[in-house]
Amino acid sequence: MKALCWFGAHDVRVENVPDPEILNPRDAIVKITTSAICGSDLHLYDGYIPTMKKGDILGHEFMGEVVEVGKDVSNLKKGDRVVVPFTIACGNCMFCKRDMWSLCDNSNPNAWLAESLYGYSGSGLYGYSHLYGGYAGGQAQYVRVPYADIGPLKVPEGMSDEQVLFLSDIFPTGYMAAENCGIQPGDTVAVWGCGPVGQFAIKSAYMLGAERVIAIDRISERLRMAQEHGRAEIINYEKEGDVVEMLKQMTGGVGPDACIDAVGLEAHGTSVGAITDTIKQKTRLSTDRPHVLRQVIQACRKGGAVSLPGVYGGFVDKMPMGAAFAKALTFKMGQTHVHRYLHPLLKRIQEAEIDPTFVITHKVSLDQVPQAYDMFKHKQDSCIKVVIKP
Ligand code: NAD
Ligand code: ZN
């Protein structure tokens, strides 16, 4: 089959690779009909995530048709259309039982490695380094889906791929980010980053009862989407100056009730050696430039909530913890517990509360994916979300 493989920073190629096979009784093989590129893939593309090997297959937002199932998978059969959560979870461990699927204790065979190197690990993830289990990803024609009796969601008749694809990641991620804000009626929520995750966080904040959402970015098309589709008030942080000051002014001097960082690792204008350098114990985020993590703490009102869907790794230094403590802020963060949200968010799509296709700006074939990574990274050609038709 053909697959998009990682060869190094800014070097991804479409290669011919062996087809995946059933390895365990709970596996399924899915023929991919639609896949996507995520902002998280850019951390791999930029070379920030260690333990990648040349030839690793990327991609964790995908769906398709079941072509084979292992002997213990009785809920799926050949021909079923499924969308697959990007987090791999066993369904049986303490964390899965507590609905904390992205912390699954059994799906990452390399958790021991991650814990000994970095002091932390998470569940297995598709196409996201050997730190997260070394699973082949879904920017490919076929993929092996472990624990297929637990993860994949069957797509109801009559729904298109594009309507349900983002249940694999960015819709639940934006939704959990908003849920983590504990929104009360009348609240104002500020969202840093108007990429796909930020866009879904904006919509979700309104679904959960926010009265105002203020969106921050520098890219005009993304701000426009936040304003027109998301009903957000907008701040262009490059043109409009001090974001923290503006947010205070827009909220009667108080600050937003909740602040969402949907940017993460490579916040614009910040040099982040991130995890790779952390191994060498020398990572320091530069303090002389604006950094979203600092801004969310500084802007948030007393007693407010800070929600971090943006991905971080390693150490982040010089955080205003005095302010966070004095203001009694609540922090919530982490990899999304995708399984938790599949059915409730499918229902919201079916009831036309949201049409997730609004975020798609580009559709490409597998052969075009290397150029699409470059375009998405540099935010060229008004690119917001790329879907792939393998
Ligand atoms: P993206 O790169 O398309 O969007 C990031 C946006 O942030 C861009 O529009 C960029 O212009 C903006 N930005 C950069 N610096 C900024 C700053 N200083 N202030 C305001 N905006 C700034 O990525 P995405 O797909 O939307 O993903 C966003 C983040 O969410 C990434 O870190 C990604 O890894 C993470 N993510 C997390 C999960 C999870 O499970 N928690 C899942 C998916 C994605
Ligand atoms: Zn993703």
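Residues numbered from 1 in each chain as written. Chains lettered and ligands numbered in written order. Predicted model: local features only at pLDDT ≥ 70, side-chain atom pairs only at ≥ 80, totals over all residues. Heavy atoms only, no water.

## Some words on the overall build of the chain
Inference 1: The number of helices and strands found in the chain is 13 helices and 18 strands.
Inference 2: Its C-alpha atoms give the chain a radius of gyration of 20 Å, within 12% of the compact-globule value 21 Å for 390 residues.
Inference 3: For the chain, the spread of C-alpha atoms along the three principal axes comes to 60 × 50 × 45 Å.
Inference 4: Sorting the 390 residues of the chain into buried and exposed places 58% on the buried side.
Inference 5: Pairs at least 24 residues apart make up 72% of the contacts formed inside the chain by residues separated by at least 6 positions.
Inference 6: If you sum the accessible surface of the chain, you get close to 15,800 Å²; carbon and sulfur atoms cover 49% of it.
Inference 7: Averaged over its 40 positive side-chain charges, the chain has a centre that lies 3 Å from the centre of its 44 negative ones. (Helix = DSSP H or I, 4+ residues; strand = E, 2+ residues; numbered from the N terminus. Rg over C-alpha atoms; globule rule 2.2 N^0.38 Å. Buried < 20%, exposed > 50% of the residue type's maximum accessible area, 1.4 Å probe, protein only. Contact = heavy atoms within 4.5 Å. Areas by Shrake-Rupley, 256 points an atom, 1.4 Å probe, with all protein chains shown as cover. Lys, Arg positive; Asp, Glu negative; His and termini not counted. Charge placed at Lys NZ, Arg CZ, Asp CG, Glu CD.)

## With respect to the coordination of the zinc ion (ligand 2)
Inference 1: For the zinc ion (ligand 2), the full set of protein donor atoms is Cys38 (SG), His60 (NE2), Glu61 (OE) and Asp169 (OD), and the range of their distances to it is 1.9 to 2.4 Å.
Inference 2: The site at the zinc ion (ligand 2) holds four donor atoms, and with the angles between them running 85 to 135°, its shape is irregular.
Inference 3: For the zinc ion (ligand 2), all donor residues lie on one chain, and their spacing in sequence is C-x21-H-E-x107-D. Taken together, the residues span a long stretch of sequence, with Cys38 in the loop between β3 (28-36) and α1 (39-45) and Glu61 in strand β5 (residues 61-69) at a distance of 23 residues. The pair Cys38 / Glu61 is uniform in exposure class, with both members buried. (Donors = N, O, S within 2.8 Å, 3.2 Å for Na, K, Ca; no water. Tetrahedral: all angles 85-135°; square planar, octahedral: opposite > 155°, others 65-115°.)

## Some words on the domain arrangement of the chain
Inference 1: You can read the domains of the chain as domain 1 (2-168 + 337-389) and domain 2 (171-333).
Inference 2: A straight line from the C-alpha centre of domain 1 to that of domain 2 covers 25 Å.
Inference 3: On the domain 2 side, the residues contacting the 31 residues of domain 1 number 27 residues.
Inference 4: Around 2,800 Å² of area is buried between domain 1 and domain 2 when both sides are counted, 72% of it from carbon and sulfur atoms.
Inference 5: If you sort the residues of domain 1 by the area they bury against domain 2, Tyr48, Phe358 and Ile384 come out on top, with a joint share of 26%.
Inference 6: Mapped by element, the contributors of at least two residues to the side of domain 1 that touches domain 2 are α1, α12 (338-350) and α13 (369-377).
Inference 7: At six residues, the largest contribution of residues to the side of domain 1 that touches domain 2 is made by α12.
Inference 8: Of the residues that constitute the side of domain 1 that touches domain 2, the class distribution is 19 nonpolar, five polar and seven charged. (Domains from an automatic or database assignment. Buried area = accessible area lost by both parts, 1.4 Å probe. Nonpolar A, V, L, I, M, F, W, Y, C, P; charged D, E, K, R; others polar.)

## With respect to the side chain of Ser102
Inference 1: With respect to the helices, strands and loops of the structure, Ser102 is situated in the loop between α2 (94-97) and α3 (111-118).
Inference 2: For Ser102, a relative accessible area of 4% corresponds to the buried category.
Inference 3: At 3.1 Å, the side chain of Ser102 and the side chain of His337 are in polar contact.
Inference 4: Residues contacting Ser102, with those up to four places away along its chain left out, are Thr87, Gly122, Ser123, Gln335, Thr336 and His337. (Polar contact = N/O pair within 3.5 Å; in protein donor to acceptor, adjacent residues only side chain to side chain.)

## A short note on the packing of helix α8 (residues 243-250) against helix α10 (residues 292-299)
Inference 1: For the pair α8 and α10, the least separation of the axes is 9 Å and the interaxial angle reads 30°. Taken as axis vectors, α8 and α10 run roughly parallel relative to one another. Helix-helix and strand crossings are classified by hand; for α8 and α10 the assignment is right-handed. Counting all contacts with α8, which are made through Val243, Val244, Leu247 and Lys248, the residues of α10 involved are Gln295, Gln298 and Ala299.
Inference 2: Considering only residue class, the contact of α8 with α10 consists of four nonpolar, two polar and one charged. (Axes fitted to C-alpha atoms, helices over the stretch in contact; angles between N-to-C directions. Parallel < 35°, antiparallel > 145°, perpendicular 65-115°, else oblique. Left-handed = near helix turned anticlockwise from the far one by under 90°.)

## Some remarks on the nonpolar core
Inside soluble globular proteins, nonpolar side chains tend to come together where they are buried.
Inference 1: Judged by nonpolar contacts, the single largest core of 78 residues is most densely connected at Phe166 and Leu167.
Inference 2: Counting only domains with at least three residues in this core, you end up with domain 1 (2-168 + 337-389) and domain 2 (171-333).
Inference 3: Residues within four places of Leu167 in sequence aside, it is in contact with Val83, Leu153, Pro172, Val338, Leu342, Leu345, Leu346 and Ile349.
Inference 4: Val73, Trp101, Tyr126 and Val145 belong to the second-largest nonpolar core, a separate cluster that totals 22 residues. (Core = buried A, V, L, I, M, F, W, Y, C linked by side-chain atoms within 4.5 Å.)

## Overview of the environment of Gly55
Inference 1: Along the chain, the position of Gly55 falls in the loop between α1 and β4 (56-57).
Inference 2: Once the C-alpha coordinates of Gly55 and Arg13 are considered, the two residues, 42 residues apart in sequence, prove to be 8.7 Å apart.
Inference 3: When residues no more than four places from it in sequence are discounted, the contact partners of Gly55 are Cys5, Trp6 and Phe7.

## A closer look at the site of ligand 1
Inference 1: Around ligand 1, 33 residues are found, and the nearest of them are Ser40, His43, Asp217, Val263 and Pro309.
Inference 2: Elements supplying a minimum of two residues to the shell around ligand 1: α1, α6 (196-207) and β12 (212-217).
Inference 3: Per element, the largest residue contribution to the shell around ligand 1 is four residues, and it comes from α1.
Inference 4: The residue inventory of the shell around ligand 1, partitioned by class, reads 16 nonpolar, 12 polar and five charged.
Inference 5: Counting the residues that make up the shell around ligand 1, at least three belong to each of domain 1 (2-168 + 337-389) and domain 2 (171-333). (Near = heavy atom within 4 Å.)

## Notes on unusual backbone geometry
Inference 1: Of note, the phi angle at Tyr147 is positive, near 50°, even though the residue is not glycine.
Inference 2: Mapping Tyr147 onto the fold places it in the loop between β9 (142-145) and β10 (153-154).
Inference 3: The backbone of Arg231 shows a phi angle near 60°, a positive value even though the residue is not glycine.
Inference 4: Along the chain, the position of Arg231 falls in the loop between α7 (220-228) and β13 (233-236).

## Regarding the state of the cysteines
Inference 1: All told, the structure shown has zero disulfides when counted by the stated rule.
Inference 2: Unpaired in this structure, Cys93 has its nearest cysteine sulfur neighbour in Cys96, at a distance of 3.7 Å. (Disulfide = S-S within 2.5 Å.)

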